[in-house]
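Listed below are the residues making up each chain.
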Amino acid sequence: EGVDIAVAVATDGGLITPVVFNADAKKVPAINAEVKDLAARARANKLKPHEFQGGTFTISNLGMFGISEFSAIINPYGTQGCILAIGGGEQKAKMVGGELASATVMTAQLSVDGRVFGGHAVGAFLQSFALKLENPSSLFM
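Residues numbered from 1 in each chain as written. Predicted model: local features only at pLDDT ≥ 70, side-chain atom pairs only at ≥ 80, totals over all residues. Heavy atoms only, no water.

**Re the nonpolar core**
Nonpolar side chains tend toward joint burial in soluble globular proteins. Stated formally: Throughout, nonpolar core names a set of buried Ala, Val, Leu, Ile, Met, Phe, Trp, Tyr and Cys residues whose side chains join them through atoms within 4.5 Å. Note on classification: 1.4 Å probe, protein chains only; a residue is buried when its accessible area is under 20% of the maximum for its type, exposed when over 50%, partly exposed between these limits. Labels follow the DSSP assignment, with helices taken as runs of H or I lasting at least four residues and strands as runs of E lasting at least two, numbered in each case from the N terminus. Residues count as neighbours in contact if any of their non-hydrogen atoms are within 4.5 Å of one another.
Ranked by size, the top nonpolar core spans 13 residues in total, and within it Ile5 and Phe57 carry the most contacts. Counting residues per element, the ones that place at least two in this core are strand S1 (5-7), helix H1 (28-43) and strand S6 (82-86). Those residues in contact with Phe57 that sit more than four places away from it in its chain are Asp4, Ile5, Ala6, Gln80, Cys82, Leu84, Leu110 and Phe125. Counting residues in hydrophobic clusters, the runner-up holds five residues, among them Phe70, Ala72, Ile74 and Ala85.

This is the structure we're talking about:
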């Protein structure tokens, strides 16, 4: 059992979700390189079927298109239990130590198949995800 992460990639033929298998056993730089390779091959229509089948968790990022927030829909015919929709960062006002400051804030919305993951597991994941984003250096430890 590993964590197999599908990444949504837009192609001329539509959306495809290549999979980073056993992502939990890989370091961030390796995952980054693999996603870049898979995305390039997806856009060139060079993926093998096993490279886009499976995936227990999907990530969809529309931030690079200027989308700040969106809801992603779980593929009912796939194997995924969740899909995480990542929006782009925006400058927002924030109180820091009683003073008004500017902060870059992004949104993330998680769609979950309740038959796969219970509420407690989802809450624990979102808490951990938020902590990692607030302290990104922890991703490299």
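**Details of the environment of Arg115**
Applicable threshold: Pairing of N or O atoms within 3.5 Å defines a polar contact, subject to two protein rules: one partner must be a possible hydrogen donor and the other a possible acceptor, and residues neighboring in sequence count only if both atoms are side-chain atoms.
Along the chain, Arg115 falls in the loop between strand S9 (108-112) and helix H2 (119-134). Assessed through its relative accessible area of 75%, Arg115 is described here as exposed. A C-alpha to C-alpha distance of 8.2 Å links Arg115 and Gly81, two positions 34 residues apart in sequence. Polar side-chain contacts of Arg115 include one of 2.7 Å to the side chain of Asp113.

**Let's talk about the confidence of the model for the chain**
In regions of low pLDDT, the predicted coordinates are not meant to be interpreted in detail. In plain terms, the rule: Known as pLDDT, the predictor's per-residue confidence is scaled from 0 to 100.
Across the chain, pLDDT averages 90, with 99% of residues at or above 70. Element-level pLDDT for the chain is lowest in strand S3 (residues 14-16), with a mean of 89, against a maximum mean of 96 in strand S4 (residues 19-20).

**So, the layout of surface pockets**
Short version of the rule: Only protein atoms enter the calculation, which uses a 1 Å grid: trapped sets of points that fit a 1.4 Å probe without letting it out are cavities, open sets showing protein on both sides within 12 Å along at least five of seven lines are pockets, and any residue with an atom within 4 Å of a point is a lining residue. Grid points are joined across faces, edges and corners, and a volume is the space filled by probe spheres set on the points. Residues are grouped as follows: nonpolar covers Ala, Val, Leu, Ile, Met, Phe, Trp, Tyr, Cys and Pro; charged covers Asp, Glu, Lys and Arg; every other residue, Gly included, is treated as polar.
The space that makes up the second largest pocket amounts to roughly 230 Å³. If you trace the second largest pocket, you find it lined by Lys94, Ala103, Thr104, Val105, Met106, Thr107, Ala108, Leu126, Phe129, Ala130, Leu133 and Glu134. For the lining of the second largest pocket, the elements supplying multiple residues, two or more each, are strand S8 (99-105) and H2. For the lining of the second largest pocket, the leading source of residues is H2, giving five residues. Of the residues assigned to the lining of the second largest pocket, the class counts are eight nonpolar, two polar and two charged.

**Observations regarding the pairing of S6**
Rules: By the convention used here, strands pair only if DSSP detects at least 2 bridges between them.
Of all the five residues making up S6, five are buried; the element is thus mostly covered by neighbouring parts of the structure. Across the two faces of S6 the burial is the same, with Cys82, Leu84 and Ile86 and Ile83 and Ala85 all buried. Where S6 meets S9, five bridges bridge the pair, whose relative direction is antiparallel. The residue of S9 that forms the bridge with Cys82 is Val112.

**Here we look at the sheet that holds S1**
We apply this condition: Angles here are taken between N-to-C directions and fall from 0 to 180 degrees, while the axes themselves are lines fitted to C-alpha atoms, restricted in helices to the stretch in contact.
Ordered in space as S4-S1-S5-S6-S9, the five strands form an open sheet in which the pairing is mixed. The sheet is open, and its two edges are formed by S4 and S9, each paired on a single side. Strand direction decides the pairing type here: strand S5 (residues 57-61) and S6, joined by five bridges, are parallel. Following the sheet pairing, Thr58 is matched in S6 by Ile83. Against the sheet, H2 touches S5, S6 and S9, its axis set at about 160° to S9.

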